[in-house]
Amino acid sequence: MTDARQKIMIVDDNPQGLEILSQVVAGFGVRSLVRCESGEAARELLSRSAFDLVISDAQMPGLDGFGLVTWLRREAPDYNR
């Protein structure tokens, strides 16, 4: 069981994948869940808000999961590194 106050982001360009991952995470009791359909949308939100966990698809058009994680580790605000 997780702490319901944790803020989690799921990133996937596939609507079905996004829905399945959302249901899995919600099944653990997470109440604060943010869904993003692209790496660019995720980066925008991550630059403005803190998250406890980010789950991302690796292969997406534009900014993929690998690029998103690279940005998170090198350039994101300190609260998300």
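Quick caveat, the model's predicted, so the values are computed rather than measured.

Thresholds applied
- Residues numbered from 1 in each chain as written.
- Predicted model: local features only at pLDDT ≥ 70, side-chain atom pairs only at ≥ 80, totals over all residues.
- Heavy atoms only, no water.
- Pairing = 2+ DSSP bridges.
- Helix = DSSP H or I, 4+ residues; strand = E, 2+ residues; numbered from the N terminus.
- Axes fitted to C-alpha atoms, helices over the stretch in contact; angles between N-to-C directions.
- Parallel < 35°, antiparallel > 145°, perpendicular 65-115°, else oblique.
- Left-handed = near helix turned anticlockwise from the far one by under 90°.
- Contact = heavy atoms within 4.5 Å.
- Nonpolar A, V, L, I, M, F, W, Y, C, P; charged D, E, K, R; others polar.

**Student:** Explain the sheet that holds strand E3 (residues 53-56) to me, and be specific about the residues and the numbers.
**Tutor:** The 3 strands are arranged E2-E1-E3 in an open sheet whose pairing can be described as parallel. Edge strands, defined here as strands with exactly one partner in the open sheet, are strand E2 (32-36) and E3. Ignoring which end each strand starts from, the neighbouring axes of this sheet average 15° apart.

**Student:** Can you break down the packing of helix H2 (residues 39-46) against helix H3 (residues 65-74) residue by residue, with the values?
**Tutor:** Contact geometry for H2 and H3: axes closest at 10 Å, N-to-C directions at 20°. Relative to H3, the element H2 is oriented roughly parallel. Relative to H3, H2 is oriented so that their crossing is right-handed. Contacts from Gly 39, Ala 42, Arg 43 and Leu 46 in H2 reach Leu 68, Trp 71 and Leu 72 in H3. The residue inventory of the contact of H2 with H3, partitioned by class, reads 5 nonpolar, 1 polar and 1 charged.

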